[in-house]
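Observations on chain architecture
So the chains spell out like this:
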Amino acid sequence: MTKPQKKYNNPFTATYKGISDLFKKQERVGELKPDERLDGKKVLITGSSSGLGLATAKELARLGAEVIMAVRSGIPERGEEVKKASGSTKVHMIHVDLSDFDSIKNLVKEIKSQFNKIDILICNAAVVSKKARKTKHELEEMFSVNYLAKFVLVNLLLKEDTFIKDGSGLPRIIFVSSESHRNPDGFEWDDFGAFKEYSMGKSVERYGYYKLLMTTFSQELSRRLNPNQHPEYSVFALCPGPVNSNIAREAPALFQPLLKLVFKMFFRSPEDASEPVVYLTTSKDVEGKATDYLFLMSRKDVDEKAADPQNGKLLWQKTEELLKKHQVEI
Ligand SMILES: NC(=O)c1ccc[n+]([C@@H]2O[C@H](COP(=O)([O-])OP(=O)(O)OC[C@H]3O[C@@H](n4cnc5c(N)ncnc54)[C@H](OP(=O)(O)O)[C@@H]3O)[C@@H](O)[C@H]2O)c1
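Along every chain, residues carry numbers that run from 1 in the direction the sequence is written. Only residues with pLDDT of 70 or above have their local features reported here, since the model is predicted, and side-chain atom pairs are shown and tallied only from 80 upward, although totals for entire chains, interfaces and linings are computed over all residues. Hydrogens and waters are ignored; side-chain quantities use all the structure's heavy atoms.

**Let's talk about the site of the ligand**
The criterion, for reference: Note on definitions. A residue lies near a molecule or strand when any single heavy atom of the residue is within 4 Å of it. As used in this structure description, the phrase polar contact means that two N or O atoms lie within 3.5 Å; if the pair is within protein, one of them must be able to donate a hydrogen and the other to accept it, and residues adjacent in sequence are counted only when both atoms belong to side chains. Per-residue and other accessible areas were derived by the Shrake-Rupley procedure at a 1.4 Å probe size, with only the shown protein chains allowed to occlude residues. Three categories are distinguished: nonpolar for Ala, Val, Leu, Ile, Met, Phe, Trp, Tyr, Cys and Pro, charged for Asp, Glu, Lys and Arg, and polar for the others, with Gly belonging to the last.
If you check the shell around the ligand, you find 28 residues, and the closest are Ser50, Arg72, Ser73, Tyr207 and Ser245. Within the side chain of serine 49, a nitrogen or oxygen atom sits 2.8 Å from an oxygen atom of the ligand. Here an oxygen atom of the ligand and a side-chain polar atom of arginine 249 are 2.7 Å apart. Contact with the protein chains covers 95% of the free accessible surface of the ligand, which is 900 Å². Residues belonging to the shell around the ligand are distributed by class as follows: 12 nonpolar, 12 polar and 4 charged.

Below, the structure is given as structure tokens:
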């Protein structure tokens, strides 16, 4: 019988789990070799105004990529920071609010008109909301940004034939997930996407559920894009482990000083934490793979709920129905 999995559904147990995982011995998947670079590759990365995304943008630019930062804030100063840190001038910024489907459509339009095609997409942006908030489309914001936006962005980019397929390597679509995707007991199929109230005490639980949706989507996407033995796209996901970023910015002001201290002392810097993102973006070791999942720098299976094709199929269907209901065309 499989051991029931422990839940890390509140900010304290989730923080403890993140720290304790860092001390566990992990078998490393490999190293990025000095000659592995991204010269000539165009990489689109969301949420690169802060934390992990910003650190990743700097490293990818340093490795020679043309980096397109899709951000809600930090234009132009974060882009200038990336240029300065990497010594590259091939750094661009496009505004996007991922809670707004019109803004996502505009991002895709800008990508087409400014760059035509890209090689790699990194879906990194996410939020941990202190309470349920409605987007302009009447959807819950964390659900929308952390899951639905990814479904819409990826499908629009695919529809517009935005990925370069010139034989120089498979296009890569990379999702920054979290080990918290293992926490939920299952899917909320009956009222999928319905707005539900929650407050801070439940936000980590909701966050884990949306990471489950995103990870399940990544698996289904890989199956749909790669129907036969010869993969045409690489669809990767990863958990960077605990990162000293701005992810807890909405935690109560009373806890902020303590959280900042714990994050600083025990969490990894965004630069160190970006290693699995940079590896999956750049490494030749994963070239030609249809799917992969890393936790820190070790390879793991995604949770069995996320890997189950029945769940993937149903998630896709429910998401399409929801978008139709909200009159979002993809
Ligand atoms: N921190 C951790 O311990 C940890 C652990 C596991 C996984 N992760 C994952 O790592 C990824 C990066 O998070 P982080 O830790 O670096 O947090 P962060 O510093 O808060 O960065 C989050 C990024 O997402 C952007 N974002 C949020 N809502 C957005 C929206 N509506 N439209 C556009 N962009 C939006 C933010 O933009 P603004 O700056 O404009 O708000 C920011 O650039 C996330 O997917 C997170 O779930 C983090």
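**Topic: helix α6 (residues 200-225)**
Count 3.6 residues to each turn of an α-helix, and residues three or four apart come out pointing the same way. Counted only if it meets this: Helical segments are the DSSP runs of H or I of at least four residues, strand segments are the runs of E of at least two, and each set is numbered from the N terminus. Here the expected span of a helix is defined as 1.5 Å times the quantity of residues minus one. A 1.4 Å probe rolled over the protein chains alone gives each residue an accessible area, and that area as a share of the maximum for its type sets the label: buried under 20%, exposed over 50%, partly exposed in between.
Taking 1.5 Å as the rise per residue, α6 with 26 residues should run 38 Å; its terminal C-alpha atoms sit 37 Å apart, in good agreement. Within α6, 20 of the 26 residues are buried, which leaves it mostly tucked inside the rest of the structure.

**Thoughts on the pairing of strand β2 (residues 66-71)**
Selection criterion: When the strands point away from the viewer, a crossover counts as right-handed if the path from the first strand over the helix to the second runs clockwise.
In terms of residue burial, β2 counts as a mostly covered element, since 5 of its 6 residues are buried. Following the backbone out of strand β1 (residues 42-46), through helix α2 (residues 51-62) and into the adjacent parallel β2, one traces a crossover that is right-handed. Following the chain from β2 across helix α3 (residues 77-86) to the adjacent parallel strand β3 (residues 91-95), one finds a crossover that is right-handed.

**Structural notes on the pairing of β1**
Quick reminder of the rule: Only when DSSP finds a minimum of two bridges between them are two strands counted as paired.
In terms of burial, β1 is largely enclosed, as 5 of its 5 residues are buried. In β1, alternate side chains face the same way, and those of Lys42, Leu44 and Thr46 on one face and Val43 and Ile45 on the other are all buried. For β1 and β2, the ladder comprises 5 bridges, and the chain directions are parallel. Residue pairing across strands places leucine 44 opposite isoleucine 68, the latter belonging to β2. Here β1 runs beside strand β4 (residues 120-123); their pairing, made up of 3 bridges, is parallel. In the strand pairing of β4, leucine 44 is matched with leucine 121.

**Overview of the sheet that holds β2**
Taken in spatial order, the 8 strands make up an open sheet running β3-β2-β1-β4-β5-β6-β7-β8, and their pairing is mixed. Every other strand in the sheet has two partners, leaving β3 and β8 (298-299) as the edge strands with one partner each.

**Looking at empty space enclosed by the protein**
The criterion, for reference: The definitions used throughout rest on a 1 Å grid laid over the protein atoms alone, on which a cavity is an enclosed set of points accommodating a 1.4 Å probe that cannot get out and a pocket is an open set flanked by protein within 12 Å on both sides along at least five of seven lines; lining residues are those having an atom within 4 Å of a point. Grid points are joined across faces, edges and corners, and a volume is the space filled by probe spheres set on the points.
In the structure shown here, the tally under the stated rule is 2 cavities of 30 Å³ or more. A volume near 90 Å³ is recorded for the largest cavity. Contributing to the lining of the largest cavity are Glu140, Phe143, Glu188, Asp191, Phe192, Gly193, Ala194, Lys196, Arg206, Tyr209, Tyr210 and Leu213. Of all the elements, α6 adds the most residues to the lining of the largest cavity, at 4 residues. Of the residues that constitute the lining of the largest cavity, the class distribution is 6 nonpolar, 1 polar and 5 charged. By volume, the second largest cavity amounts to about 40 Å³. Every residue along the wall of the second largest cavity is listed here: Thr46, Leu98, Cys123, Val145, Ala149, Lys150 and Leu153. Residues that form the lining of the second largest cavity fall into these classes: 5 nonpolar, 1 polar and 1 charged.

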